[in-house]
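Below are the chains, spelled out letter by letter.
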Amino acid sequence: MNQYNLSQLKQLEAESIHILRDAMSQFDNPIMLYSIGKDSSVMVRLAQKAFYPGKVPFKLLHINSTWKFREMLEFRDAFCSEQNLDLLVHYNKEGFEAGVNPFDYGSRKYTDIMKTQALLQALSDGKYDCAFGGARRDEEKSRAKERIYSFRDKHHQWDPKNQRPELWGLYNGKINPGESVRCFPISNWTELDVWQYIRLEGIPIVPLYYAKERPVVERDGQWIMVDDERMRLKEGETPQSRMVRFRTLGCYPLTGAVESNADTIEKIVAEMMEARDSERSTRVIDHDGDSSMEQKKREGYF
Amino acid sequence: MNIDTFLNQHENKDLLRFLTSGSVDDGKSTLIGRLLYDSKLIYEDQLAKLKEESKKSSNKDEEEIDYSLLLDGLKAEREQGITIDVAYRYFSTPNRKFIIADTPGHEQYTRNMATGASTADLAIILIDARKGVITQTKRHAFINSLLGIKHVIVAVNKMDLADYSEQVFLDIMNDFNEFSQQLDLQNKYYIPLSALKGDNVVDRSDKTDWYKGPTLLEMLETVNVTGTRNFKDFRFPVQWVNRPNLDFRGFSGTIVSGVVKQGDTVIALPSRKESRVQRIVTADGDMEEAFAPQAVTLVLEDEIDISSGEMIVHASNVPTVSNSFEGYVVWMDDKELKKSDTFLIRHAGKTTKARIDALKYHLDVNTLQKGRTMGLRLNEIGNVSITTTQPLFFDPYTKNRETGSFVLIDPITNNTAAAGMIVDALFDDYAPGDDDNEETRITDHVEKREFLWDNGLVTQSDRAKRNHHRGKAVLLTGAVGTGKRDIAKMLEKRMFDSNLQAYYLGVSNVQSGLDCDIPLGFTTKDEHVRRLGELSRIITDSGQIFITIYDGADDYDIEKLKSLSSPNELFVVIVGESLFKDFEADLHLYDQSLENAVEEIMKILSENNIIPEYCI
């Protein structure tokens, strides 16, 4: 065996750092999209490593749909101040004032207004030419073909028919004014890699990932957490306390919890290995139709 | 096993990136689906969805799960029933993690295969057992070879429909092996399987007792790929100058090949300023030694100015620094590539301008024949000469994938228009002028050479008088394995016995001698032809009859050889099937006996007044 073997996780780390630095050398005004989730946490750690001993040379942008879990927001503020990161928060003011919520508007319309539109507003306002995102190719079918540098036109739209070929480690960052690139440094990581990296590096994550007694109601086969008083209960629904945790985090009325006793990473992974449902099955918006994610991506959502 | 051990094991696995290539109906997606399914990576909800969708798509048997539906991501593709873009899949076993580039086999998507191959260490080429080696198989093998894939698994699929016949498998194996001799595929492995039934994919089949080799998964788990990586030539393209405060100044980048140690003497390109490596910095602490593909930050002993896009290398091992080079391009744009077109070129973390000085030929990916062309269309592959405004720091692609590869970007649309592989810098004498094409370049070269030719006191006609014949080159060509070597050797002996001055030059003599500085392979063929042509000029000048062999010559090669041999003549003999399109050989031999073949050559040489009639 060759003495110069690099473990797969170290290879992934090196590749991600390469991508982050490459984008920094090609773009003038990058931003990192920060969703507070575990993938974002990993991406932030990689950015810290890429520019060490310097500071992360770009800001983090959080799109607040105004329906996030409270624990997420608490975590976000504590994490960013501890890690000395520049955080920008944006929400869709018009939508908020109009009272757009997932109950009256349905998950599709709500997501479009409070997430997609909010994101596009923030990106246009900041005139960012590159936005780092924590999407992974193993998450969902339409993502398996996503580029590492994903080109977006002036309207932030993604055209699956017209993607730039991507070869070797040579990324094409050429754009005209107003256009942008979404850059995905952890494209090649799997869910398991992310968990192992969090464990190895001791990366802080939102406590919602760990099992705890939480107030939930059962809705369409999923456990939905009653995170605050805005949650509208349907007839016959009474919140009950259950040991649950979240595999992905989003807006609390749209994110299903799974019943679990896993309160450590090791237990989470053990559970995951036995789990026979993929990660995104707890996302309500993925079930809007067979090609729903692809449709949302075309419109500018991640 | 407890979960701690499991996680540590997962972390320390090594990584294999591979691609799968096959034609539309070779069962490629089914194979990947089978690998994922048998290694338990398809989740229940995905499986449920899959069963539902399998029923929807009418052309499938209700009972059988259509694994391909799991893989074909985009809407349009699902409707057409073919994969049209590269998709990446992930799975792992206790020993390894795998990244699969699932690339389409459809005719018009050469670009996707090249994309998938560019980051892969290994390729699986699928062959339908009922169809054998077909045109598409050849194309896939060629593209893998051109993109520098060192390991190829030839998976003979659908063995269930060929009665699991050993003979079918062996025939395909021989066909592929023979055809691929001319390619640069170094390690080839063959395996009979049925993706649909699961034979020899993950589990050993009881229907192929005659096959003693490993299953596909075993093979993927054990093949050693790090052994074929470049740890010799240290190349460090600087991506980012890290200057957080006055006390720290480091150069961040990825070691794309080779190894670097603290204290190593290095130079920066293009300035060639020298210094030594003081520290190798990472967020996890300093290292004494770092190697490809690690991403690090180098601190040098001296304050030298280096910016993003420049390169740090060992002072004792420097890549070519040049503004012009020759390379192969895979054309990926709808707009045709023409000579004199200008582009942006991205190479080793640097972007500059590039101009196509010459479009030497295009390569037919099905037959590997070179042909003159005025333009390259989508999915065509061609050989070009390129000049850049700033110098690039490069190595031949066959030696170094990372510093030998580039992409061309259309300056108007910003599209990635081509993927390129550098063959080598252009020879000075061969450097392109403004309006030259390859033909006039060779003619110019020959004219200049002849003008400078230094003759001795013995003239050609003096030699011809004494020898009773002129100097002449006799080239035997045609497909591989047609007995050319035996004919050539016998011809030399026959001539020698008739008092003619003949000399047979074996191919391996050139390869292991004159050619030993260029790696043997498809991409260096042009340079081999050039040297052979010059040799032919020299040996025939000495009055000898120069007999040699060149496998699989096409029109382009012959024209080049003839030009380079001039003013002396080249006599061309084809043995077996002709590979020429327009060119007519001087003699075409089919299945003659050895003796008859030699006599025929002698006869026609005599008819052409090259050798005296009495020799016959």
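The shown structure was predicted, so the numbers you read here are calculated from the model rather than taken from an experiment.

Let's talk about the interface of chain B and chain A
Then, in step 1: Facing the 91 residues of chain B at the interface are 75 residues of chain A.
Then, in step 2: Counting the surface lost from both chain B and chain A, the interface buries some 7,000 Å², and carbon and sulfur atoms represent 54% of this.
Then, in step 3: Taken together, the links from chain B to chain A amount to six salt bridges.
Then, in step 4: A salt bridge links B:Arg17 to A:Glu15, with the shortest nitrogen-to-oxygen separation between them at 3.1 Å.
Then, in step 5: Applying the counting criterion to the chain B and chain A interface returns 31 residue pairs in polar contact (both at pLDDT 80 or more).
Then, in step 6: At eight residues, the largest contribution of residues to the side of chain B that touches chain A is made by helix 1 (residues 3-12) of chain B.
Then, in step 7: Of the residues contributing to the side of chain B that touches chain A, the split by class is 39 nonpolar, 29 polar and 23 charged.

Details of the pairing of strand 4 (residues 122-128) of chain B
Residues and elements named next belong to chain B.
Then, in step 1: With respect to burial, strand 4 is a largely interior element, seven of its seven residues being buried.
Then, in step 2: Pairing geometry for strand 1 (residues 14-21) and strand 4, over four bridges, is parallel. When the bridges of strand 4 are listed, Leu-19 appears paired with Ala-123.
Then, in step 3: As judged from the seven bridges shared by strand 4 and strand 5 (residues 151-157), these two strands associate in the parallel manner. Each residue of the ladder has a partner; that of Ile-127, found in strand 5, is Val-156.
Then, in step 4: Crossover connection from strand 4 via helix 7 (residues 135-146) to parallel strand 5: handedness right-handed.

Observations concerning the sheet that holds strand 10 (residues 256-259) of chain A
Residue and element names in this part refer to chain A.
Then, in step 1: In space, the four strands of this closed barrel follow the order 7-8-10-9, with antiparallel pairing throughout. Direction aside, neighbouring strands of the sheet carry axes that sit 70° apart on average.
Then, in step 2: Note that strand 7 (residues 212-219) and strand 8 (residues 222-225) share four bridges and pair antiparallel. Residue pairing for strand 8: Glu-218 is matched across the bridge by Trp-223.

Focus on the pattern of salt bridges
Pairs can form between side chains of opposite charge whenever their charged atoms are close.
Then, in step 1: Under the definition given, this model contains 57 salt bridges over all chains.
Then, in step 2: A salt bridge links A:Asp86 to A:Lys55; the shortest N-O distance between them is 3.5 Å. Residue A:Asp86 is found in the loop between helix 3 (70-82) and strand 3 (87-90), and its partner A:Lys55 is found in the loop between helix 2 (38-51) and strand 2 (59-63); the two are separated by 31 residues along the sequence.
Then, in step 3: Judged by relative accessible area, A:Lys55 falls into the partly exposed class, the value being 42%.
Then, in step 4: For A:Arg245, the salt bridge identified is with A:Glu271, shortest N-O distance 2.9 Å. Placement of the pair is A:Arg245 in strand 9 (residues 240-245) and A:Glu271 in helix 7 (residues 265-274), with a sequence separation of 26 residues.
Then, in step 5: One salt-bridge network, held together by shared partners, links A:Lys10, A:Glu13, A:Arg45, A:Lys49, A:Glu201 and B:Asp284.

What to know about the sheet that holds strand 1 (residues 30-33) of chain A
All names here are of chain A.
Then, in step 1: Strands sit in the order 3-2-1-4-6-5 across an open sheet of six strands; the sheet is mixed. Each edge of the open sheet is held by one strand with a lone partner, namely strand 3 and strand 5 (149-152). Between one strand axis and the next, the sheet turns by 30° as a mean value, whatever way the strands run.
Then, in step 2: Alignment of strand 1 against strand 2, held across three bridges, turns out to be parallel. Note that in strand 2 the partner of Met-32 across the bridge is Leu-60.
Then, in step 3: Set on the sheet, helix 3 makes contact with strand 2 and strand 3; between it and strand 3 the angle comes to about 155°.
Then, in step 4: Those strands touched by helix 5 (residues 102-126) are strand 1, strand 2, strand 3, strand 4 (130-132) and strand 6 (180-183), and its axis lies near 150° from that of strand 2.

Topic: the environment of B:Glu559
Residues and elements named next belong to chain B.
Then, in step 1: Checked against the element boundaries, Glu-559 lands in helix 15 (residues 555-565).
Then, in step 2: As a C-alpha pair, Glu-559 and Glu-439 span 120 residues in sequence and 8.7 Å in three-dimensional space.
Then, in step 3: Those residues in contact with Glu-559 that sit more than four places away from it in its chain are Arg-372 and Glu-439.

Brief notes about the domain arrangement of chain B
Residues and elements named next belong to chain B.
Then, in step 1: Split by domain assignment, chain B resolves into domain 1 (3-228), domain 2 (235-314), domain 3 (323-451) and domain 4 (460-615).
Then, in step 2: With five residues of domain 1 at the contact, the number on the domain 4 side is six residues.
Then, in step 3: Of the roughly 490 Å² buried between domain 1 and domain 4 on both sides combined, carbon and sulfur atoms contribute 61%.
Then, in step 4: Counting every contact that joins domain 1 to domain 4 gives zero salt bridges.

Some details on the side chain of B:Asn230
Residues and elements named next belong to chain B.
Then, in step 1: Position of Asn-230 relative to the elements: it lies in the loop between helix 9 (216-222) and strand 7 (235-245).
Then, in step 2: Looking at Asn-230, its side chain comes within polar contact range of the side chain of Asp-233, at 2.9 Å.
Then, in step 3: With sequence-adjacent residues up to four places away left out, Asn-230 is seen in contact with Ser-257, Gly-258, Lys-399 and Asn-400.

Topic: the packing of helix 6 (residues 191-201) of chain A against helix 1 of chain B
Then, in step 1: With their axes 10 Å apart at the nearest point, helix 6 of chain A and helix 1 of chain B run at an angle of 105° to one another. By the angle class used here, helix 6 of chain A and helix 1 of chain B are roughly perpendicular. Across the interface between the two elements, A:Leu192, A:Asp193, A:Gln196, A:Arg199 and A:Leu200 of helix 6 of chain A pack against B:Asp4, B:Phe6, B:Leu7, B:Asn8, B:His10 and B:Glu11 of helix 1 of chain B.

Here we look at helix 6 (residues 110-118) of chain B
All names here are of chain B.
Then, in step 1: Here helix 6 lies mainly inside the structure; nine of its nine residues are buried.
Then, in step 2: For helix 6, the full list of buried residues reads Thr-110, Arg-111, Asn-112, Met-113, Ala-114, Thr-115, Gly-116, Ala-117 and Ser-118.
Then, in step 3: For helix 6, the elements touching its buried residues are strand 1, strand 2 (87-92), strand 3 (96-102), helix 7, strand 15 (320-331) and strand 21 (381-394).

What to know about the pairing of strand 6 (residues 187-192) of chain B
Residue and element names in this part refer to chain B.
Then, in step 1: Note: strand 5 against strand 6, six bridges, orientation parallel. Following the sheet pairing, Ala-155 is matched in strand 6 by Ile-191.
Then, in step 2: With respect to chirality, the unit in which strand 5 leads through helix 8 (residues 166-179) into the neighbouring parallel strand 6 is right-handed.

Some thoughts on the confidence of the model for chain A
Then, in step 1: Across chain A, pLDDT averages 88, with 90% of residues at or above 70.
Then, in step 2: Scored below 50 in pLDDT, residues 286-291 of chain A makes 14 contacts in the model with residues more than four places away or belonging to other chains.

A look at the packing of aromatic side chains
Then, in step 1: Tallying each qualifying case throughout the model produces 29 aromatic pairs over all chains.
Then, in step 2: With centroids separated by 4.7 Å and ring planes inclined at 20°, the aromatic side chains of B:Phe91 and B:Phe98 adopt a geometry described as stacked.
Then, in step 3: We classify B:Phe91 as buried; its relative accessible area is 2%.
Then, in step 4: Ring centres of B:Phe325 and B:Phe406 lie 5.4 Å apart, and the angle between their planes is 65°; on these two criteria the pair is classed as edge-to-face. Remark: B:Phe406 occurs in strand 22 (residues 405-409) and B:Phe325 occurs in strand 15; sequence separation between them is 81 residues. With respect to class, B:Phe325 is no different from B:Phe406; both count as buried.
Then, in step 5: A network of ring pairs unites the aromatic residues A:Trp67, A:Phe69, A:Phe103, A:Phe246 and A:Tyr252 as a single cluster.
Then, in step 6: Directly above the aromatic system of B:Tyr88 lies the positively charged group of A:Arg137, at a separation of 4.1 Å from the ring centroid.
Then, in step 7: One Lys or Arg, B:Lys370, reaches over the ring of B:Tyr361 and ends 5.9 Å from the middle of that ring.

Here is what the cut-offs are and how they apply
Residues numbered from 1 in each chain as written. Chains lettered and ligands numbered in written order. Predicted model: local features only at pLDDT ≥ 70, side-chain atom pairs only at ≥ 80, totals over all residues. Heavy atoms only, no water. Contact = heavy atoms within 4.5 Å. Buried area = accessible area lost by both parts, 1.4 Å probe. Salt bridge = Lys/Arg side-chain N within 4 Å of Asp/Glu carboxyl O. Polar contact = N/O pair within 3.5 Å; in protein donor to acceptor, adjacent residues only side chain to side chain. Helix = DSSP H or I, 4+ residues; strand = E, 2+ residues; numbered from the N terminus. Nonpolar A, V, L, I, M, F, W, Y, C, P; charged D, E, K, R; others polar. Buried < 20%, exposed > 50% of the residue type's maximum accessible area, 1.4 Å probe, protein only. Pairing = 2+ DSSP bridges. Right-handed = clockwise from strand over helix to strand, strands pointing away. Axes fitted to C-alpha atoms, helices over the stretch in contact; angles between N-to-C directions. Domains from an automatic or database assignment. Parallel < 35°, antiparallel > 145°, perpendicular 65-115°, else oblique. pLDDT = per-residue confidence, 0-100. Phe/Tyr/Trp six-rings, centres within 6.5 Å; stacked < 30°, edge-to-face > 60°. Lys NZ or Arg CZ within 6 Å of the ring centre and 35° of its normal.

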